[in-house]
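Here is what each chain is made of, one letter per residue.
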Amino acid sequence: MKNTGILFFPAFDWSLGETHPEREERLLYTQEQLFEEGILDLPQIKQFAPGMAPLTKALLAQAVFPSPEHHDLDAHLIAAGSTLILGDALAKGQIQNGFALVRPPGHHAGATVLGNRGFCTLNNEAILVNHLRAEYGYQRIAIVDTDVHHGDGTQDIFYHDPNVLFISLHQDGRTLYPGSGFVEEKGGPNAWGMNVDIPLPPGTGDEGILYALEEWVLPRLQAFKPDIVINSAGQDNHFTDPLASMNVSARGYGRITERLKPDLAVLEGGYSIEDALPYVNLAILLALAGEDYSGVVEAKRPTRPEVPLSQIKPYIQELKREYDQVQANWLWRAEASLPGGYWAYIPRTIYYDTEGFQEMRYDRVRQCSHCGGTVYIESRRPPFHTRHALVRVPFAACPECRQAGYDLWEYLIGRMESVTFQDQPGNVVQFWHISKGVKVFGPSDPRP
Ligand SMILES: [Zn+2]
Ligand SMILES: [Zn+2]
């Protein structure tokens, strides 16, 4: 039996539209089910009330362009703030694990935010990770994403961070949004091997996903020895989910939770709001609390064909071999406009499905064998020519990378439309905008 924290933030007044799959009543049936089953009366369950994250906490993880005031972030800051409340309870020993049943979700929101994508604007888990590191001194954190969609935003935020292991299990990106998440995406040059993407074939069921977990995810976690494991607990692998094509059951999710033993689970997607979410959430919560979840059985039966384990086994083994064989192939060079040292350049594009545009990204990271390296990202939103920049002094930065970050921040002011400067070890964010000047977001800023 474990003391398990639970926190509901259903965001009943926030949605992307009445008929949108990410809508207000997503957590309604779950709440009813948990009340009906008397889960909240179990002696080991402790319920917490939601709260808003300070904007600084969000901006330490993500740059919001053209400026934070440009977006309505309130619901997102409460979803993020609620995960921080459970994180605090865990760090202070008030609970042994916890489940943040919050929306809106966050795992598609990346290092730069130009709007909503994949129903996400702020990344709840990323904000939580930086908070836990800054406030409680945790060094190594693992995030395991069991949502059916590739957790591309979380991957983006930690791609250059050697202290965060990110593992995403998801339906193959060639068959589902956001179209990424392949074995070649192994991490940035200073964090090579800290990103593991495991694309699964459509139709994968309980046995298949558990096989991938046992054969690949758990051994990798054991080798990393994280201080904390966070589970991005998306539920759209369920056999009734309308957006995806997988075959996982509520009890399958219970097994995943039992084996993974996350310290904190944070709700991500899941759009079968009557037929899946109440059952999956119940199974996850029972597994976290050390209770029997074998009686959690959905009213509906699976109708999709399931990929047999005899096909999943060789597929996973081959994928793992491919992952081990992918070679790092970075081109380092000194650049006249950048501070001293060598930089790797990684161009990319990011599709915003909600509004329908491509963000152009020009990512750079400073070569360093002592820390994650200064990160410099330039972002453009076509068809406009405006340029925005993110400069990040990483968690546990070495003195050279910290200095490089400050030099870059000063150099970029006046050359961009806006610059966000994340001093992660200093727990401070500085923001400069062409018409607003400099604003400093300190640790004590209570509200946006
Ligand atoms: Zn999803
Ligand atoms: Zn460094």
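See the structure above.
Note that the structure is a prediction, hence the values are computed from the model and not measured.

Undergrad: Could you give an account of the overall build of the protein, naming the residues involved and the relevant values?
TA: Along the protein, the regular secondary structure elements total 10 helices and 18 strands. The C-alpha atoms of the protein give a radius of gyration of 21 Å, which matches the 22 Å a tight globule of 448 residues would have. Principal axes of the C-alpha set define a box for the protein whose edges measure 65 × 45 × 40 Å.

Undergrad: Provide a residue-level description of the pairing of strand E1 (residues 4–9), including the pertinent values.
TA: By the criterion of burial, E1 is predominantly enclosed, with six of the six residues buried. Residues Thr-4, Ile-6 and Phe-8 line one face of E1 and the alternating positions Gly-5, Leu-7 and Phe-9 line the opposite face, and both faces are buried. Bridge count for E1 against strand E4 (residues 97–102) is six bridges, and the pairing is parallel. Within E4, the residue paired with Phe-8 across the bridge is Leu-101. Where E1 meets strand E2 (residues 45–48), four bridges bridge the pair, whose relative direction is parallel. Along E2, the bridge assignment pairs Thr-4 with Ile-45. The parallel pair E1 and E2, bridged by helix H1 (residues 28–36), forms a crossover whose chirality is right-handed.

Undergrad: With reference to specific residues and values, describe the packing of helix H6 (residues 206–224) against helix H7 (residues 250–260).
TA: Each pair of packed helices can be described by the angle between their axes along with the distance between the axes. Between H6 and H7, whose axes approach to 10 Å, the crossing angle comes to 15 degrees. Between H6 and H7, the crossing angle belongs to the class labelled roughly parallel. Read as a crossing pair, H6 and H7 show a hand that is right-handed. Judged by residue contacts, Asp-206, Ile-209, Leu-210, Leu-213 and Leu-218 of H6 engage Gly-252, Arg-255, Ile-256, Arg-259 and Leu-260 from H7. Partitioned by chemical class, the residues of the contact of H6 with H7 number six nonpolar, one polar and three charged.

Parameters and conventions
Residues numbered from 1 in each chain as written. Chains lettered and ligands numbered in written order. Predicted model: local features only at pLDDT ≥ 70, side-chain atom pairs only at ≥ 80, totals over all residues. Helix = DSSP H or I, 4+ residues; strand = E, 2+ residues; numbered from the N terminus. Rg over C-alpha atoms; globule rule 2.2 N^0.38 Å. Buried ≥ 20, exposed ≤ 12 C-beta atoms within 10 Å, placed from the backbone. Pairing = 2+ DSSP bridges. Right-handed = clockwise from strand over helix to strand, strands pointing away. Axes fitted to C-alpha atoms, helices over the stretch in contact; angles between N-to-C directions. Parallel < 35°, antiparallel > 145°, perpendicular 65-115°, else oblique. Left-handed = near helix turned anticlockwise from the far one by under 90°. Contact = placed C-beta atoms within 7 Å. Nonpolar A, V, L, I, M, F, W, Y, C, P; charged D, E, K, R; others polar.

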